[in-house]
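In case you want the letters, here they are:
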Amino acid sequence: MSSLPVTNEDLDVSVHGSNSSLPTWRRRVAKTKPVVKKLLPITDWAPKYNLDCLQGDVLAGLTVGLTVIPQGIAYAVVAGVEPTYGLYSSFMGCFVYMFFGSCKDITIGPTAIMSIMTHEYLKALDCGEDESAALTSVAILLTFITGVGILLATILRIGFLVTFIGRTVISAFTSAAAITIATSQVEGLLGLSFESEGFVDTWTQVFAHIGETRYQDVTLGLVSCVALLILRMMKNMKRFAPQEDDPLREKILKKFVFFISVGRNAIIVILCTALAYGLRDPDDPNTTPFKITGNITAGFPTVSVPKFTVTCHNGTEDYTFLDIAGDIGAGLFIVPLIAIIENIAIASAFAGGKAINASQEMLALGMCNFIGSFFQSIPTTGSFSRTAVNSTSGVKTQAGGFFTGWIVILALLFLTPAFKYIPKASLSAVIICAVIFMIEYHDVMPIWRTYKIDQIPLWVTFILCVFWALEWGILVGTSVNICILLYLQATPSVVVTVRESETGESESLVVAQPVLGMMFPSAEHIKFKVSECGLQHLPLLVVLDCTHVAVIDYTSALAVKNLIKEFSMRNQKIAFANMKTNVKTSLLALVPKLEEITLPLQQASQSLVQDTASVVSNQSPAPLLSHPHGQRATEVSSRGEELHVAATEEEVRRNKRSLVRRRRAELYQLSSLRLDAELAMPARRTDTPHVKQVLLLRLSQ
């Protein structure tokens, strides 16, 4: 009987098991499944979706939809485009984020900050008057650029650069942007018409045209502001706080008050629109006592590729993509950066203490802007106010955005004729009442009490953003913040302590420990401090403690080599302790004969101050306890900073005793549980308290 030849496939089956017998396409699907699940969080929560989730998402989606419609119209006006584009920007982000987003509470759409940033860069394009179509095309192109930029940052993994923008800079930028946005709406609130740029110019124009104020718009705007603030306060009143033991009637009342409070923008806009429509001139329906928004294009937006060239000045001048990019300038980087910062900050605030996936959030935000640009969207990001409404409305999953998006689409299809009569004063009131709570004045004193130097980037950013430009304010503020960070890294403290001999008769060695590691910015500074320490304590052995040195570069290794040479020239020894393996390897590359010692257990710590004057005058350092600063109980660094006293043997013994007591308590608890289990057995005669106490004692031993 002839045997069949053994093929490679047979060997593969025998070695790898039955999985290798699967078709190639199924094996590839199995390999790509974890990747797809990571990139599309919807694959994680969609299989577990149920009726309870649907109920919460529908309720939250409807609530957010009533909020985003008036806000979208108002923020489009802030951005300098037609109100319709605010609605175009309010639905596609909700749909896309449902697939790629990792935070269930976030809603993507137009925001006050992104709108004012868009307006800043649209002003830079000289298209002449009445060229709204060209400016709108540039705004849509900016959305495309923002999406591509965020996606590139995600792919190249350079999102960590956002962490170099400190919280103080973000707080100052947000506050300045809120003041700038509120200032820009004073014109509509007073019923004025003028052209202005920036905070100072706007207020100058307001006082110049104050005589043209329309009392109808002022009255409507102020009443709307008061009503919005009152409705906002209602949901925070104790009277309407939900309680578990509330009767059904009380629960319905409180839920009704909650919906009125979170839907206040839509309610005010609807009432003001109805008032304007009711007071219109019968002979001329377009004439009302208030300045109104005007005609808004109805219907679904045209799906098209963003235009990379625009025509200005009545068709006489064409701007190519390079021309537009040159006019936008820093906006190519600032707008995506602001979008990332705002979205990640919101995700962190609503993560419930959980770690957020910043890369996934950047991917979701990039896709929202990239796809949204094909649907005529202006730049978008996460909205803090709408995210808060979404969360408090009880949203369960990211599917809440699906219902929000459909509310906006239905409004575009059927309600746009009514939007024509929305008074501009009511939109200004909506924006002002939304942004005034973005002014983070409450951060000033905590920053002062925590770290006073942070006041420098805080006020530099705020002043430049308000009185110069938002983009330059955040750039200069970030630069100042980074300069402070680099200075602290380049001049770290060096802890200097004296270790006595075991007999305590004389000082035996001096330990110098850099507290922030050792890299090239701080190499020369640490070298100088260690050398100065050695001069102060000739001829004692100086030990460079590398406990905090995680990595060392070539510049730092070269500084160490020169330091050893300097110590050798004055016949003083220097050694190294607590070196990590990679640090030791790096140093051995330049210093083959590296002396390494193990520091003995420290009996006691004493204070030491760098005495530069005694070094200059060639005087030997005064005994430590007789030094003017030696009476202090804490260590002092070379820069005079107070340091913690090192742990003594008594502290070590006390820690050991505490650990033993905790261990005994755990054993006692475990023994008690075992004893209860034994006492539950009917066969054991351990019912008396005396027997239980004896058993418990034996088990605890």
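Residues numbered from 1 in each chain as written. Predicted model: local features only at pLDDT ≥ 70, side-chain atom pairs only at ≥ 80, totals over all residues. Heavy atoms only, no water.

Caption draft 1: Just the pairing of strand β7 (residues 541–545), in detail. By the criterion of burial, β7 is predominantly enclosed, with four of the five residues buried. Note that β7 and strand β8 (residues 574–577) share four bridges and pair parallel. Residue pairing for β8: Val543 is matched across the bridge by Ala575. In the classification by handedness, the crossover that spans β7, the intervening helix α26 (residues 554–569) and the parallel β8 is right-handed. (Buried < 20%, exposed > 50% of the residue type's maximum accessible area, 1.4 Å probe, protein only. Helix = DSSP H or I, 4+ residues; strand = E, 2+ residues; numbered from the N terminus. Pairing = 2+ DSSP bridges. Right-handed = clockwise from strand over helix to strand, strands pointing away.)

Caption draft 2: Region of interest: the pattern of salt bridges. Applying the stated criterion to the full structure yields 11 salt bridges. Here Asp44 ties to Lys48 by a salt bridge, and the two come within 3.9 Å at their closest N and O atoms. A relative accessible area of 38% means that Asp44 is categorised as partly exposed. Notably, a salt bridge pairs Glu250 with Arg239, separated by 2.6 Å at the nearest N-O pair. Residue Glu250 is found in helix α13 (residues 248–262), and its partner Arg239 is found in the loop between α12 (215–234) and α13; the two are separated by 11 residues along the sequence. One salt-bridge network, in which partners are shared between bridges, spans Arg167, Glu440 and Asp443. (Salt bridge = Lys/Arg side-chain N within 4 Å of Asp/Glu carboxyl O.)

Caption draft 3: Fine view of the packing of α12 against helix α14 (residues 264–278). Here α12 crosses α14 at 150°, and the two axes come no closer than 10 Å. The orientation of α12 relative to α14 falls into the category roughly antiparallel. When you trace α12 past α14, the crossing you get is right-handed. Side by side, α12 and α14 meet where Leu220, Ser224, Ala227, Leu228, Leu231 and Arg232 of the first sit next to Arg264, Asn265, Ile268, Cys272 and Leu275 of the second. (Axes fitted to C-alpha atoms, helices over the stretch in contact; angles between N-to-C directions. Parallel < 35°, antiparallel > 145°, perpendicular 65-115°, else oblique. Left-handed = near helix turned anticlockwise from the far one by under 90°. Contact = heavy atoms within 4.5 Å.)

Caption draft 4: Looking closely at the environment of Thr154. Along the chain, the position of Thr154 falls in helix α8 (residues 132–155). Residues Thr154 and Met362 lie 208 residues apart in sequence; the distance between their C-alpha atoms is 6.2 Å. Filtering out sequence-adjacent residues up to four positions away, Thr154 remains in contact with Ser359, Met362 and Leu363. Polar side-chain contacts of Thr154 include one of 2.8 Å to the backbone oxygen of Ile150. (Polar contact = N/O pair within 3.5 Å; in protein donor to acceptor, adjacent residues only side chain to side chain.)

Caption draft 5: Main features of the nonpolar core. If you look at the biggest cluster of nonpolar residues, it comprises 113 residues, and the most contacted ones within it are Ile69, Val81, Met117, Phe173, Phe419 and Leu470. The element best represented in this core is α8, accounting for 12 residues. Other than its neighbours up to four places away in sequence, Met117 contacts Phe173, Ile334, Leu470 and Glu471. In terms of nonpolar packing, the next biggest core, distinct from the first, is built from 26 residues, Ile526, Ala557, Ile564 and Phe567 among them. (Core = buried A, V, L, I, M, F, W, Y, C linked by side-chain atoms within 4.5 Å.)

Caption draft 6: Representation of the packing of aromatic side chains. All chains considered together, the criterion is met by 21 aromatic pairs. Ring geometry for Phe402 and Trp406: centres 6.5 Å apart, planes at 70°, overall edge-to-face. One end of the pair is Phe402 and the other is Trp406, both in helix α19 (residues 400–414) and four residues apart, which spans about a single turn. Judged by relative accessible area, which is 33%, Phe402 ranks as partly exposed. Ring-pair connections join several aromatic residues into one group, and the members of that group are Phe91, Phe95, Phe300, Phe375, Phe402, Phe403 and Trp406. Taking NZ or CZ as reference, Arg570 lies 4.3 Å from the ring centre of Phe567, over its face. (Phe/Tyr/Trp six-rings, centres within 6.5 Å; stacked < 30°, edge-to-face > 60°. Lys NZ or Arg CZ within 6 Å of the ring centre and 35° of its normal.)

Caption draft 7: Up close: the environment of Ile463. Looking at the secondary structure, you find Ile463 in helix α23 (residues 455–467). A relative accessible area of 44% means that Ile463 is categorised as partly exposed. Between the C-alpha atom of Ile463 and that of Gly473, which follows or precedes it by 10 residues, the distance is 7.6 Å.

Caption draft 8: Highlighting the packing of helix α9 (residues 167–184) against helix α24 (residues 470–490). For the pair α9 and α24, interaxial distance at closest approach is 10 Å and the crossing angle is 165°. By the angle class used here, α9 and α24 are roughly antiparallel. Seen along the crossing, α9 lies across α24 with a hand that is right-handed. Residues Thr168, Val169, Phe173, Ala176, Ala177 and Thr180 of α9 pack against Leu470, Ile474, Gly477, Thr478 and Asn481 of α24. Looking at the contact of α9 with α24 residue by residue, the classes come out as six nonpolar, five polar and no charged. (Nonpolar A, V, L, I, M, F, W, Y, C, P; charged D, E, K, R; others polar.)

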